[in-house]
Every structure is written in structure tokens, then in C-alpha cells.
Amino acid sequence: MEILKFITTGSVDDGKSTLIGRLLYDSESILADQMEALQRSNRKNDDGTIDLAILTDGLKAEREQGITIDVAYKYFQTAQRKFIIADAPGHIQYTRNMVTGASNSNLAIILIDARKGVVEQTIRHSFLVSLLALPQVVICINKMDMVDYDEATFTQIVDQYKILAAKLKLENIVYIPVSALKGDNIVYESFNMTWYNGKSLLEHLETVEIPVDDSSAHARLPVQWVVRPQTEELHDYRGYAGRISSGNFKVNDAVTVLPSGFSSVITKIELLDKEFNEAVAGQSVTVHLQDNIDVSRGDILVKSAALPEVSQLIEADLCWMDTRALDTSLTYLIQHNSKVTRCRIQEVLYKFNINNLEKIYEEEFKLNDIGRIIIKTAEPLAFDVYQNNKANGGAIIIDSRTNVTVGALMLRAAVN
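Let me sum up the structure you'll find in this document. All values reported here derive from a predicted model rather than from experimental measurement.

Attention now goes to the nonpolar core. Core analysis: the largest hydrophobic core is formed by 70 residues, its most contacted members being Phe6, Leu19, Leu23, Ile109, Tyr161 and Leu205. Core analysis: the second largest hydrophobic core is formed by 20 residues, Leu318, Ile345, Val348 and Leu409 among them.

This part is about helix H6 (residues 151-168). In this model H6 runs 26 Å from its N-terminal to its C-terminal C-alpha over 18 residues, within 8% of the 26 Å that 1.5 Å per residue would give. The complete set of buried residues in H6 reads Thr153, Phe154, Ile157, Val158, Tyr161, Leu164, Ala165 and Leu168. For H6, the buried positions fall inside an angular range of 125 degrees around the axis, keeping them on one side. Exposed residues lying more than 90 degrees from the buried face of H6 are Ala152, Gln156, Ile163, Ala166 and Lys167. Residues of H6 that are buried sit in contact with strand S4 (107-113), helix H5 (120-131), strand S5 (136-142) and strand S6 (173-177). Remark: Lys169 follows H6 within two positions and exhibits a positive phi of approximately 60 degrees.

The next thing to look at is the pairing of strand S19 (residues 339-353). When strand S18 (residues 332-336) meets S19, the two strands line up antiparallel, connected through five bridges. Within S19, the residue paired with Tyr332 across the bridge is Cys343. As judged from the seven bridges shared by S19 and strand S21 (residues 370-383), these two strands associate in the antiparallel manner. If you follow Arg344 over to S21, its bridge partner there is Lys376. Relative to strand S20 (residues 358-360), S19 runs antiparallel, the two being bridged by three bridges.

What follows is about empty space enclosed by the protein. On inspection of all chains with the given rule, the structure shows two cavities of 30 Å³ or more. Computed from the structure, the largest cavity encloses a volume of approximately 70 Å³. As for the largest cavity, its lining consists of Pro222, Leu258, Pro259, Gly298, Asp299, Ile300, His336, Asn337, Ser338, Lys339, Pro380 and Ala382. The residue makeup of the lining of the largest cavity, split by class, is six nonpolar, four polar and two charged. In this structure, the second largest cavity occupies an estimated 30 Å³ of space. Along its surface, the second largest cavity is lined by Ser11, Asp14, Ile112, Asp113, Lys116, Gly117, Val119 and Thr122. The class makeup of the residues in the lining of the second largest cavity is two nonpolar, three polar and three charged.

For the rest of this paragraph, the subject is unusual backbone geometry. Omega for the bond connecting Leu258 with Pro259 falls within 30 degrees of zero, at 15 degrees, which places this linkage in the cis form. The residue Pro259 is located in the loop between strand S11 (254-258) and strand S12 (262-271) in this model. One non-glycine residue, Lys143, lies in the positive phi region at around 65 degrees. Here Lys143 shows up in the loop between S5 and H6.

Conventions used here
- Residues numbered from 1 in each chain as written.
- Predicted model: local features only at pLDDT ≥ 70, side-chain atom pairs only at ≥ 80, totals over all residues.
- Heavy atoms only, no water.
- Core = buried A, V, L, I, M, F, W, Y, C linked by side-chain atoms within 4.5 Å.
- Buried < 20%, exposed > 50% of the residue type's maximum accessible area, 1.4 Å probe, protein only.
- Helix = DSSP H or I, 4+ residues; strand = E, 2+ residues; numbered from the N terminus.
- Expected span 1.5 Å × (residues − 1).
- Arc of directions from axis to C-beta.
- Contact = heavy atoms within 4.5 Å.
- Pairing = 2+ DSSP bridges.
- 1 Å grid on protein atoms, 1.4 Å probe; cavity = no way out; pocket = protein on both sides within 12 Å on 5 of 7 lines; lining within 4 Å.
- Points joined across faces, edges and corners; volume = space filled by probe spheres on them.
- Nonpolar A, V, L, I, M, F, W, Y, C, P; charged D, E, K, R; others polar.

What follows is the structure, encoded as C-alpha cells:
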């Protein structure tokens, strides 16, 4: 079955956890022990019904404060599809948590309170969704029960959001009026909003297209291991093992090894001890080449007709994730697919004020800051522009002193 990974975002108290709880509850995806915990809980809504947000409040502090702090992952499935939900915090101080949850998602659900419309945090979350290039967006205008299910209110908020979406170049947006508390348009269609002719949230999630980048132009195989058994039976065996991050490869394809630039031709593709003529994104394979060229862990195989950029000086968007501020005098490690090399942040171009989309020209880079930088690496990286190919356009920065991941990178362009 296909797996749809999606993230839920929105302002504090917009009802993210309640929406997920309703989705799980009404789709009958709650385990028996969770149901018992729900029934035992003394947390109730104002109308006396069970508070479904309990299902996602994993941390004690979350339960006590009634807010989401860490990304909570939930899993469920229907007859059509499997789902992985990332419930992301809405607070600005947990921006790094949202970036982590969104980086692997196919779709974002952004909640908007029908009483408030587009607010500062809506702008911030939409900016992050745009920055992380999520291909599908659902705008859930929640708490419609608190505005008497008014169509004019829904239409006004949709018009508001379309102006923001155009600014951020967001595409593939669906607007759904919902009440997570009452269950309107979450799993079942709402009889309170007969003016709405679209799908319920679950029906949309079950049918939305999950884009798969299987294009030849983005064929990328980061090498994780050079396979040389050197036994009597396999004396001349030499394979290059890794997981295809995007695109597809076929036997007889002309390929180039980067960053060295050596070229060869694929003679054999192995998967689970069987030979195949073709392999696609997501498959872990061992590839054999016609020539005995120098290939090492951290190199990347690409089709010779569609090369990525190769550079040691790269412009990138950076989300800083460490409590210690960025130190441009330090040398960090950068991990891009299977390649790890040293790097230095050469220049901070600017930071984004993600609440109003303005640029801030200052060098200090602290926890949860996001901005544009230029990074210099000790060895060349073979990368794609993140917006075009996320699988080969993302990287992380590691503090070599602590081995802690301190930053997430969206690579943008080689700097000449």
C-alpha cells in the first residue's frame, strides 16, 4: 500500500491535536488500550464529550500545559492507504521541531481558526511549508461550529490565504471547512455545511496524488558501500551499494561518478540476490559498472546526460537547531546523503523574519533562526537545488565536538 506522510501545523489552540484525534477516532484507528485511556481520562470538552487531543499529547508537559512541544508521530491506515501523521508544535520556539517533521512529509495540513482568519503564525507555518517544498497543502478552516458554519466566513478566509499563497508561490492547495470538535468534514461529510461540495479531509488524504520523482533527470544513487567479497567464488566481484534517492537507473545507462567525474556504463543491477533491468527511487540496490574506476563511500552515481551541480562553495537556506548560536569561526561537519566532510559557514547573507516574510541583515544566528548563508566545504558536493529535488538537495550540519545535529540545510546554488 502507498504511504502518505503528512504534517499538521497551525497556531496554538487552533485544534491540531483535536483534529488528529478526531481523524483517528472516527476512522476507528484507535487501539483498545488507547480507547480505555480515553474513557478513563477526566479531560472533557465544554459539552462533556471526550477531549480527543489526549491521543497526541505524548509528553507530560504537553498534557499539563495543553500545548504541543515535540513532534508526535501517529500511524493509521484505511482500505486505500497507510498514513504517518506528524503533529508539529505551533510555538515559534519549536520551529526546529516543525522543520524536522515537515522535511519528510508529502503534504501539509495548515489549520486556521475560523474566528481569527490568517494570523502571524499562519504566515510562519506557510513560509516553512514553502521553504521545505511540500508538494501538497490542505488548508483546514477549523472551528466552523463557532461561526455558525457560515459560508461567507469560509470564503473570506480563503480569499485572505490565496494572497499569501501567491506571495509564497504555494501550489496544489485545497481548502476544507471543518470542525474537529464536532467531526464536520473530518472523516464524514458535514450536514451543517451543505454549501460545501468538496471532499472530507480523510477522503482527500486517501485520494491525493503522492508525487514520486522517477525522472531520468534526477537519477541519483549515493554510494554507501563498495562490495568486494574477495572470495574464491567471487574473486572479481565489485559492486556499489546504496539506496536510490531519486529517479531511475537501467542496465546500459551511461553514468558518471561524482565528484571525481569518471564515467562508465551500468552492466548489472542487483536487488535481494536477483538481477533486474531497472531500479527506481527508494530501492536499495547493488550496481555493477563496465569499468574498474575509483568509487568510494560518499560518491554519487548519476546519469551522464543529467548532471547535478558540483561545488565547494554553496548558497543555502539554513535552519539553526542548536541552543548555542552559530559560530562562523568554527569548522563543522556537513552530511549530504552518505558523504560527510568538513565545512565552514563563510557568510550569513540575511535571516528571514518568518512572521512577516521580511529580511533581517544581521550576522547572529540563534536557535530556530532561518536564513540564507554561503557555506564552504572541504570536498566538493554533487547536489541539486532543493526545490527541484529534495532528496539530493538537503543536508545537515553537525557539531564535530558534540556530534549533535545543529542545522538543516536546503541547498540552492553553486557560488562562482
